[in-house]
Amino acid sequence: MPEAPAPPAARSSSFHPAAPLAIAALSLVLHVLPRPGYGFHRDELLYLAMGDHFTPFGMAFPPLISALARLSGALPFDRLAAIHLLSALAGAALPLLAALTAAAMGGAVRAQRLAAVAALVAPLFLRAGTLFQPVVFELAGWSVATLAFSALLAGRDRRWWLVLGAALGLGALTKFSVAFLGAGLLAGTLASPLLRADLRTRWPWLALGIAALLALPSLAGQAAHGWPFFAQARALRERQLSHVDPVGFLLGQFFLLGAGGPLWVIGLAGLVAARALRPWRPLGVTALAVLLLLVAGRGKDYYYGPMLVPLLAAAAVLLGAWLERGRHRLAEGAMLAWLLVVGALLLPVGIPLLRPPAMARYAERLGLAPATRTNTGGALPLPQDYADMLGWRGQVEAVAAVYRTLPADEQRRAVVLATNYGRAGARAHFGPELGLPYPVSWAGDFFLWGPGDRPGDVTIVVGGSADDWRAFWGDVTEVARARNPWGVEEERDVAIWVCRAPKVTLQEFFRRLGPQWG
């Protein structure tokens, strides 16, 4: 293909690394601080189990998180510290990427510093860097993609297309929601004469090839397992997304950014209408397209989180230019002080630095109802993520105590059956050191790994009711309860059953129930 005409002179600014690097380092320190009273999150336990079963082209969902879970086992730390270090590094990259994006949009030193501080204190970014989940890696991946897009709009080296393609491909290895970003970037590209001209060169097509190649493991795993993504999406719509409304989605963006809440509106409006940001208006088209797609699809508010990094950068560029023109040192100090002071107040909402009783009191006194709302519309004393970090080892110890009461011949035949992925993941992680067999479950990925070859004539079942299990076993006895007053409602008082005299084999039991997603 012929080369495009020479791009216009770059409009971006030099990157001033001192402040952004210091802010990124502070973010990393905050994310590796001790978390008194908290342990593994239920999702983290699932991802560790996925790491145990990692096959690059055979995972039921995008495999990056399970690859990182496998990698964490090779790090010279205990497993909890290892996975949290990986998340913390991705989280610490966000202030740096915000500053780099501000520089790509022409923002000088003040804009870069403001963008980095706003990203540092955002509760969403703090929480994401706290948890070993795909969210933080998605945030980083989308931010790299929008940085590359901003650089291309500034007329920089066309090899940024390759960075964009790699970021989209890695996004496909992280979460399939990258499709929203892809659609938005397509709209933004078509809205830009500069980028439309690039379509006549090899660069966008090389980027597309890189993205497709990197996405192959995710697509191959879906095909191998009958496209379970669609079953999970259906379960998510039925159980959680029915509680989402457009007004709540939009208002949620303010809470997710905390002290910097107004900046996302300033950034979006600036990209759409401000003369100073006119060269980056196609990025505004991208941001609007993603927003409309998520609102139409009734997405959760944090699904838009990856677009907030470039919007913070755009707002910082506008405010930074005003500060540079007027030398408003007092105004700049007030902005930074507001971000840092309110950010410090909200810090325990993003990172679990307070023990559960103290955190519950703190949330109540600050009136932080949105922080303690569950994904099904209920409320807890703690943020749901914090509640999901409590009680898992104690629950496994209760199961191990039951297992040890069985006669030796029953222990050799016993199966541990967990009724959700958190319970199964906890037994997969803590069970071996407590002498338990690897658990089985029909929850999500565990169903795909199968029930094993034992018939289930002695089965320890974690959760459920007697009526549930009498349909499948003739002898059902409740032998213990695992209690966790700070957990989510379903984990506060969990019955543990020993079931004997099966009416069907465990393999038939699994066939009848099928997988449970979500």
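Residues numbered from 1 in each chain as written. Predicted model: local features only at pLDDT ≥ 70, side-chain atom pairs only at ≥ 80, totals over all residues. Heavy atoms only, no water.

A. Quick peek at the overall build of the protein chain. Summing up its helical and strand segments, the protein chain has 25 helices and five strands in all. For the protein chain, the C-alpha atoms occupy an extent of roughly 80 × 55 × 45 Å along the three principal directions. Residue pairs in contact within the protein chain that sit at least 24 positions apart in sequence constitute 76% of those at least 6 positions apart. A total of about 21100 Å² of accessible surface is found on the protein chain, and carbon and sulfur atoms cover 64% of it. The averaged location of the 32 negative side-chain charges in the protein chain is 10 Å from the averaged location of its 45 positive side-chain charges. (Helix = DSSP H or I, 4+ residues; strand = E, 2+ residues; numbered from the N terminus. Contact = heavy atoms within 4.5 Å. Areas by Shrake-Rupley, 256 points an atom, 1.4 Å probe, with all protein chains shown as cover. Lys, Arg positive; Asp, Glu negative; His and termini not counted. Charge placed at Lys NZ, Arg CZ, Asp CG, Glu CD.)

B. How the structure looks around a nonpolar patch on the surface. Together, Val247, Leu251, Phe254 and Val265 make up an exposed nonpolar region whose accessible area comes to about 340 Å². For the nonpolar patch, the leading source of residues is helix α13 (residues 246–257), giving three residues. Here Phe254 lies in helix α13. The class for Phe254 is partly exposed, based on a relative accessible area of 32%. (Patch = residues over 30% accessible without salt bridge, like charges linked within 9 Å, V, L, I, M, F, W, Y side chains within 5 Å. Salt bridge = Lys/Arg side-chain N within 4 Å of Asp/Glu carboxyl O. Buried < 20%, exposed > 50% of the residue type's maximum accessible area, 1.4 Å probe, protein only.)

C. Geometry of the pattern of salt bridges. Considering all chains together, one arrives at 20 salt bridges under this definition. A salt bridge links Glu410 to Arg500; its shortest N-O distance comes to 3.0 Å. Of the two residues, Glu410 sits in helix α21 (residues 408–413) while Arg500 sits in strand β5 (residues 493–502), which places them 90 residues apart along the sequence. Salt bridges here are not isolated pairs; linked through shared partners, they connect Arg42, Asp388, Arg423, Glu490 and Glu491.

D. Summary view of the sheet that holds strand β4 (residues 473–483). Read from one edge of the open sheet, five strands run β2-β1-β3-β5-β4, paired in mixed fashion. Strands at the two margins of the open sheet, each flanked by one partner only, are β2 (440–441) and β4. In this sheet, β5 lies alongside strand β3 (residues 458–462) in antiparallel orientation, the contact comprising five bridges. Within β5, the residue paired with Thr459 across the bridge is Cys499. (Pairing = 2+ DSSP bridges.)

E. Region of interest: the confidence of the model for the protein chain. Taken residue by residue, the protein chain gives an average pLDDT of 92. The fraction at 70 or more is 94%. Low pLDDT (under 50) marks residues 1–10, which in the prediction has 19 contacts with non-local residues, meaning those over four places away or in another chain. (pLDDT = per-residue confidence, 0-100.)

F. Main features of the pairing of β3. Of all five residues that make up β3, five are buried, and the element is covered over most of its length. The sheet contact formed by strand β1 (residues 415–418) and β3 spans four bridges and is parallel. When the sheet's bridge partners are listed, Val416 is paired in β3 with Ile460.

G. Layout of the packing of helix α20 (residues 392–405) against helix α22 (residues 421–430). Running from N to C, α20 and α22 point in directions that differ by 75 degrees, and their axes come no closer than 9 Å. On the basis of the axis angle, α20 is roughly perpendicular to α22. Across the interface between the two elements, Trp392, Arg393, Gln395, Val396 and Val399 of α20 pack against Gly422, Arg423, Ala426, Arg427 and Phe430 of α22. Considered class by class, the residues forming the contact of α20 with α22 number five nonpolar, two polar and three charged. (Axes fitted to C-alpha atoms, helices over the stretch in contact; angles between N-to-C directions. Parallel < 35°, antiparallel > 145°, perpendicular 65-115°, else oblique. Nonpolar A, V, L, I, M, F, W, Y, C, P; charged D, E, K, R; others polar.)

H. The side chain of Thr286, seen in detail. Mapped onto the elements, Thr286 comes out in helix α15 (residues 281–296). Residue contacts for Thr286: discarding those within four places in its chain leaves Phe149, Leu181, Gly184, Leu185, Gly188 and Met307.

I. Highlighting helix α9 (residues 178–190). Between its first and last C-alpha, α9 extends 18 Å over 13 residues, near the 18 Å set by a 1.5 Å rise per residue. Here α9 has its buried residues at Val178, Leu181, Gly184, Leu185, Gly188 and Thr189. All buried residues of α9 project into a common sector of 140 degrees when viewed along the axis, lining one side. Exposed residues on α9 whose side chains face more than 90 degrees from its buried face are Ala179 and Leu186. (Expected span 1.5 Å × (residues − 1). Arc of directions from axis to C-beta.)

J. Quick look at helix α8 (residues 160–172). Counted at 1.5 Å a residue, the expected span for α8 with its 13 residues is 18 Å, and the 19 Å between its end C-alpha atoms agrees. When α8 is considered as a whole, its buried residues turn out to be Trp161, Leu164, Gly165, Ala167, Gly169, Gly171 and Ala172.

K. Main features of unusual backbone geometry. At Trp227, a position not held by glycine, the phi torsion is positive, near 55 degrees. Within the element layout of this structure, Trp227 appears in the loop between α11 (203–224) and α12 (228–239). Even without glycine at this site, Arg298 takes up a positive phi of about 55 degrees. Residue placement: Arg298 occurs in the loop between α15 and α16 (305–326). On the basis of relative accessibility, which here comes to 39%, the residue Arg298 falls in the partly exposed class.

L. Structural view of the environment of Arg202. Relative to the assigned elements, Arg202 resides in the loop between α10 (193–198) and α11. On the basis of relative accessibility, which here comes to 39%, the residue Arg202 falls in the partly exposed class. Sequence-wise, Arg202 and Trp161 are 41 residues apart; in three dimensions their C-alpha atoms are separated by 9.7 Å.

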